[in-house]
2 protein chains.
Amino acid sequence: MQSTKLYGLHIESYPMQHSSFSAMQCPIALSLERVGEWWSIMILRDAFLGLTRFDQFRKSLGIAPNILSRRLRGLVNTGLLAKSRYSDHPPRDEYLLTELGRDFRPVLLALLAWGERHFVSDEPAAVERTTVRPTRRNTEITRNQP
Amino acid sequence: MQSTKLYGLHIESYPMQHSSFSAMQCPIALSLERVGEWWSIMILRDAFLGLTRFDQFRKSLGIAPNILSRRLRGLVNTGLLAKSRYSDHPPRDEYLLTELGRDFRPVLLALLAWGERHFVSDEPAAVERTTVRPTRRNTEITRNQP
């Protein structure tokens, strides 16, 4: 069984009989509570790419302003982004990765690597949508973690 | 700018002007299309813990049957789980990780480690909900990747 490989010694510590994620002590559940949403992860990706402003995120993701607004607020509330005023006239804020947010980078890199291995073909236009077996390719991901 | 650290040499390859994720070549976006949903990731976690049957997932996650049903179907359709008949009378299926699904493990481990560092306190009952600065602790995660 692969259970012990995933959780190691911690497996006994995270019982899963709870019916609410918030009651779970499982670190994966606790993490997903903060960023368990597609758009939030894409916003974090863009933040790592250097984007900081509402309009930059909006243009990059093609996301509806009200959804973007809600997601940014969520990421600020959970402490992954911090809001910082960069202009008083007109009032404008930018969104910067906190230490907690920057520390999310290994998750993005793992997603990036998984996507690279399975869903990105050498031809930019032809994505293998239904590949089950991995097509192991060399990736050029920079993995210089702190 | 932290962009080059995340995407390395690939940064030029994934333009982000698209307004739909499905049009994006970014491996993170392509990955999130498959598992960009909270419950799906929790189901995968449970699959790694050895769970295979509908009732096991339902009890473990406290998830509504119709949602679980939809998520399992989604994970089968995207090739992360495979359905396998284990009983004909009554007809019963179980859900097994495919190679693509097993290869998702590093993402779960990265989430696990991030959650461990930030949201799991030594006291099981007291979760640090608003921590921004990491409280670096030694983790005991088994990282024997293939």
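Bear in mind the structure is a predicted one, so any value in this text is a computation, not a measurement. (Residues numbered from 1 in each chain as written. Chains lettered and ligands numbered in written order. Predicted model: local features only at pLDDT ≥ 70, side-chain atom pairs only at ≥ 80, totals over all residues. Heavy atoms only, no water.)

**With respect to the overall build of chain A**
Okay, step 1: Tallying secondary structure elements over chain A gives seven helices and two strands in all.
Okay, step 2: Its helices and strands taken in sequence order, chain A reads α-α-α-α-α-β-β-α-α from the N to the C terminus.
Okay, step 3: Burial statistics for chain A: of 146 residues in total, 50% are counted as buried.
Okay, step 4: Pairs at least 24 apart in sequence give 38% of the contacts found in chain A among residues at least 6 apart.
Okay, step 5: Carbon and sulfur atoms make up 49% of the accessible area of chain A, which totals about 6900 Å². (Helix = DSSP H or I, 4+ residues; strand = E, 2+ residues; numbered from the N terminus. Buried < 20%, exposed > 50% of the residue type's maximum accessible area, 1.4 Å probe, protein only. Contact = heavy atoms within 4.5 Å. Areas by Shrake-Rupley, 256 points an atom, 1.4 Å probe, with all protein chains shown as cover.)

**Digging into helix 4 (residues 54-61) of chain B**
Residues and elements named next belong to chain B.
Okay, step 1: Turning to helix 4, its buried residues are Phe57, Ser60 and Leu61. Angular distribution of buried residues about the axis of helix 4 spans 80°; they occupy a single face of the element.
Okay, step 2: The positive-phi residue at the C-terminal boundary of helix 4 is glycine 62, with phi of around 60°. (Arc of directions from axis to C-beta.)

**Digging into the pairing of strand 1 (residues 81-87) of chain B**
All names here are of chain B.
Okay, step 1: Pairing analysis gives six bridges linking strand 1 to strand 2 (residues 92-97), with the strands arranged antiparallel. In the strand pairing of strand 2, serine 84 is matched with glutamate 94.
Okay, step 2: Turn length for the strand 1-strand 2 hairpin, with the two strands adjacent in sequence and antiparallel, is four residues. (Pairing = 2+ DSSP bridges.)

**Brief notes about empty space enclosed by the protein**
Okay, step 1: One pass over the structure, following the stated rule, counts two cavities of 30 Å³ or more.
Okay, step 2: Its boundaries defined by the atoms lining it, the largest cavity holds a volume of some 50 Å³.
Okay, step 3: Taken together, Leu32, Val35, Ile41, Phe104, Val107 and Leu111 of chain A together with Leu32, Ile41, Phe104, Val107 and Leu111 of chain B make up the full set of residues lining the largest cavity.
Okay, step 4: Of all the secondary-structure elements, those providing two or more residues to the lining of the largest cavity are helix 2 (27-35) and helix 7 (105-119) of chain A together with helix 7 (105-119) of chain B.
Okay, step 5: By residue class, the composition of the lining of the largest cavity is eleven nonpolar, no polar and no charged. (1 Å grid on protein atoms, 1.4 Å probe; cavity = no way out; pocket = protein on both sides within 12 Å on 5 of 7 lines; lining within 4 Å. Points joined across faces, edges and corners; volume = space filled by probe spheres on them. Nonpolar A, V, L, I, M, F, W, Y, C, P; charged D, E, K, R; others polar.)

**Description of the packing of aromatic side chains**
Okay, step 1: This model, assessed by the stated rule, comprises six aromatic pairs over all chains.
Okay, step 2: Between tryptophan 114 of chain A and phenylalanine 119 of chain A, the ring centres sit 4.9 Å apart and the planes meet at 85°, which makes this aromatic pair edge-to-face.
Okay, step 3: Geometrically, the ring pair formed by tryptophan 38 of chain B and tryptophan 39 of chain B is edge-to-face, given 6.2 Å between the ring centres and 70° between the ring planes.
Okay, step 4: Of the residues examined, tryptophan 39 of chain B reaches a relative accessible area of 17% and is grouped as buried.
Okay, step 5: The structure contains a cluster of three or more aromatic residues connected by ring pairs, namely Phe104 of chain A together with Trp114 and Phe119 of chain B.
Okay, step 6: In this structure, arginine 53 of chain B is placed above the aromatic ring of tyrosine 86 of chain B, and the distance from its NZ or CZ to the ring centre is 3.7 Å. (Phe/Tyr/Trp six-rings, centres within 6.5 Å; stacked < 30°, edge-to-face > 60°. Lys NZ or Arg CZ within 6 Å of the ring centre and 35° of its normal.)

**Looking at the pattern of salt bridges**
Okay, step 1: The final tally for this structure, using the stated rule, is 16 salt bridges over all chains.
Okay, step 2: Close ionic contact of arginine 34 of chain A with glutamate 33 of chain A constitutes a salt bridge, the shortest N to O distance being 3.9 Å.
Okay, step 3: Residue arginine 34 of chain A is classed as buried on the basis of its relative accessible area of 6%.
Okay, step 4: With a shortest N-O distance of 2.6 Å, arginine 117 of chain B and aspartate 103 of chain A are connected by a salt bridge. In this pair, arginine 117 of chain B sits in helix 7 while aspartate 103 of chain A sits in the loop between helix 6 (99-102) and helix 7, so the two residues belong to two different chains.
Okay, step 5: On the basis of relative accessibility, which here comes to 6%, the residue aspartate 103 of chain A falls in the buried class. (Salt bridge = Lys/Arg side-chain N within 4 Å of Asp/Glu carboxyl O.)

**Digging into the environment of isoleucine 28 of chain B**
Residues and elements named next belong to chain B.
Okay, step 1: Its place among the elements puts isoleucine 28 in helix 2 (residues 27-35).
Okay, step 2: Exposure remark for isoleucine 28: the relative accessible area of 0% places this residue in the buried category.
Okay, step 3: For the pair isoleucine 28 and arginine 102, spaced 74 residues apart in sequence, the C-alpha separation works out to 17 Å.

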